[in-house]
Amino acid sequence: MAVVAVDANLGFSRPDEVIDDVDDRGLKRAITRPIDEPFSRQFEYRRCQVRDWSAPGQPPLNFRTMGFESISLARSDSLQNLLAQIRQAGEITVPQARQLRRLLNGRVFPLSRGRCLKMLHVAPEGLIMRKGGPNGLKVDPDTEMGEMNGHDVALAIHGDQDVRGTPLKQMMRGFAPWMFRHQTPDGSNRISPLVLVNLWIPLQQVTRPLTLMDRRTLNAREHQLRYALPTDTFLDRSEDMRENDIWSFLHDEAQQWYFHSHMAHDQAYIFDTLGEPHGSFILPGEDVAERYYLQLQMLRKQLKSGGDIERPLAETVNLPADTTEPLRQAIESMARLIATVPVDKVGKPVVDVWLARATEAMDAVVRKSLEMRVVALLLPNFWPFNRSAGN
Ligand SMILES: [Fe+2]
């Protein structure tokens, strides 16, 4: 039976890390601790119900009210080919990033309730690819974080940008709150059709999916906190722009969270960069996926080195009842490979086939995603507003 919701840990700011903000905006702030402090110093995991919005009976998503929505990317073959290449390579190159921007700039995507989103400009900064292994496993521990690649999956729930904060304040000389539609604890702009959105493309997310909050269930005055994010490790910026002003959140029972259990890159999220709460989480069953991933990794090493193979004891795959179907299938194919590792003397072709399959099965449980910032217009979905540039 399809899983409708899962219980999972989401990372929130710890209440004892909250202080009154020094600016006279009357807001609260979460303290920024040095980057090498343990996660648990600043954040706490809270058990939340996360609903699969693709399950029957769930309400349709709505960017304007909920803060996020999905769009279809399926209509562009060149875009789909490019995304498939990036997914397979596990990283994005500069020419690919350029091509991606070119394919998106000027495009129009239908939204719910008779609206559409016209992408005016994909920002050059902030296009990043994230990768993370099952259950928090680091899949390439030696890769360095660069501007676009080498980013791990986001652990804590956050909102990406304060409309009155760095770097938007400097880039737009303080005009951002007037120009962009936004909802911020100390003010909102619900009139402007101009939006700053994140375009979030799941290259694969059988594990560690993105979750987003229905923003109508957020008590922003109480639970939305200013937070200064140091950017030195991946961006080269001037002194006054070293820290991004983003948002952090406190947990509350009333908040409602959504994810999608089998989203691929024919679909993407758009969500409000200026405060929509989001983050990744670990699905029930990912600990089993991690164990099988590590076993396959070990077997692969032993086969490649030509040494003796220690076949792990055969075990039945025991998964929690709310394991999503794609994760269950991915774990079962890893288990099958472990059970059929060529232990006896067999020819090289047999070993090579097994190795290729093992690599593929391990890669399937690695979360890969692309995200970028887009300046866009929210328009009525009829001609001439919904005309793509160049069409
Ligand atoms: Fe984010």
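Up top is the structure these notes are about.
An account of the accompanying structure is given in this report. Every chain begins its residue count from 1, and numbering advances along the sequence as written. Residues qualify for local features only when their pLDDT is at least 70, as the model is predicted, and side-chain atom pairs are given and counted only at 80 or more; totals for whole chains, interfaces and linings, by contrast, use all residues. With hydrogens and water set aside, each side-chain value is computed from the structure's full complement of heavy atoms.

**Details of the overall build of the protein**
Thinking step 1. The way it works is that DSSP assigns letters per residue, a run of H or I at least four long becomes a helix, a run of E at least two long becomes a strand, and they are numbered from the N terminus. When helices and strands are counted, the protein shows ten helices and 19 strands.
Thinking step 2. Relative to a compact globule of 391 residues, whose C-alpha radius of gyration would be 21 Å, the protein shows 22 Å and is just as compact.
Thinking step 3. Dimensions along the principal axes, computed over C-alpha positions, put the protein at roughly 70 × 55 × 45 Å.
Thinking step 4. Per-residue burial for the protein yields a buried fraction of 52% across its 391 residues.
Thinking step 5. In the protein, of all internal contacts separated by at least 6 residues, the share reaching a separation of at least 24 is 77%.
Thinking step 6. Of the roughly 18,800 Å² that the protein leaves accessible, carbon and sulfur atoms contribute 51%.
Thinking step 7. In this tally, Asp and Glu contribute negative charge and Lys and Arg positive charge; neither His nor the terminal groups of the chain are included. To locate a charge, take atom NZ for lysine, CZ for arginine, CG for aspartate or CD for glutamate. Put simply, the protein has 48 plus and 50 minus side-chain charges, and the middle of one group is 6 Å from the middle of the other. Here the radius of gyration uses the C-alpha set of atoms, whereas the globule reference equals 2.2 Å times the residue count to the power 0.38. Whether a residue is buried, partly exposed or exposed follows from its accessible area with a 1.4 Å probe, protein chains only, as a fraction of its type maximum: under 20%, in between, or over 50%, in that order. In this analysis, two residues are considered to be in contact whenever any of their non-hydrogen atoms come within 4.5 Å of each other. The Shrake-Rupley method, run with a 1.4 Å probe sphere, supplies the accessible areas, and residue values consider only the shown protein chains as cover.

**Points about the coordination of the iron ion**
Thinking step 1. For the iron ion, the full set of protein donor atoms is His158 (NE2), Asp160 (OD) and His278 (NE2), at a range of 2.2 to 2.3 Å.
Thinking step 2. Read in sequence order, the donor residues coordinating the iron ion give the pattern H-x1-D-x117-H.
Thinking step 3. You can call Asp160 buried: its relative accessible area is 7%. Counted as donors are N, O and S atoms no farther than 2.8 Å from the metal, or 3.2 Å for Na, K and Ca; water is not among the atoms, and sites may therefore look incomplete.

**Considerations on the environment of Phe249**
Thinking step 1. Note on placement: Phe249 falls in strand S15 (residues 243-249).
Thinking step 2. Given a relative accessible area of 0%, Phe249 falls into the buried group.
Thinking step 3. The sequence separation of Phe249 and Ala30 amounts to 219 residues, and the corresponding C-alpha distance is 8.5 Å.
Thinking step 4. Contacts of Phe249, omitting those with residues within four sequence positions, involve Phe12, Ser13, Ile157, His158, Gly159, Leu218, His223, Gln224, Leu225, Gly275 and Pro277.

**What about the pattern of salt bridges?**
Thinking step 1. Here, a salt bridge means any Lys or Arg side-chain nitrogen found within 4 Å of an Asp or Glu carboxyl oxygen. With the rule as written, the count across this model stands at 23 salt bridges.
Thinking step 2. One salt bridge in this structure joins Arg25 and Asp162, with 2.9 Å as the shortest N-O distance. Here Arg25, found in the loop between strand S2 (18-20) and strand S3 (28-30), pairs with Asp162, found in the loop between strand S9 (158-159) and helix H5 (168-171); they are 137 residues apart in sequence, far enough to count as distant. With respect to burial, Arg25 and Asp162 carry one shared label: buried.

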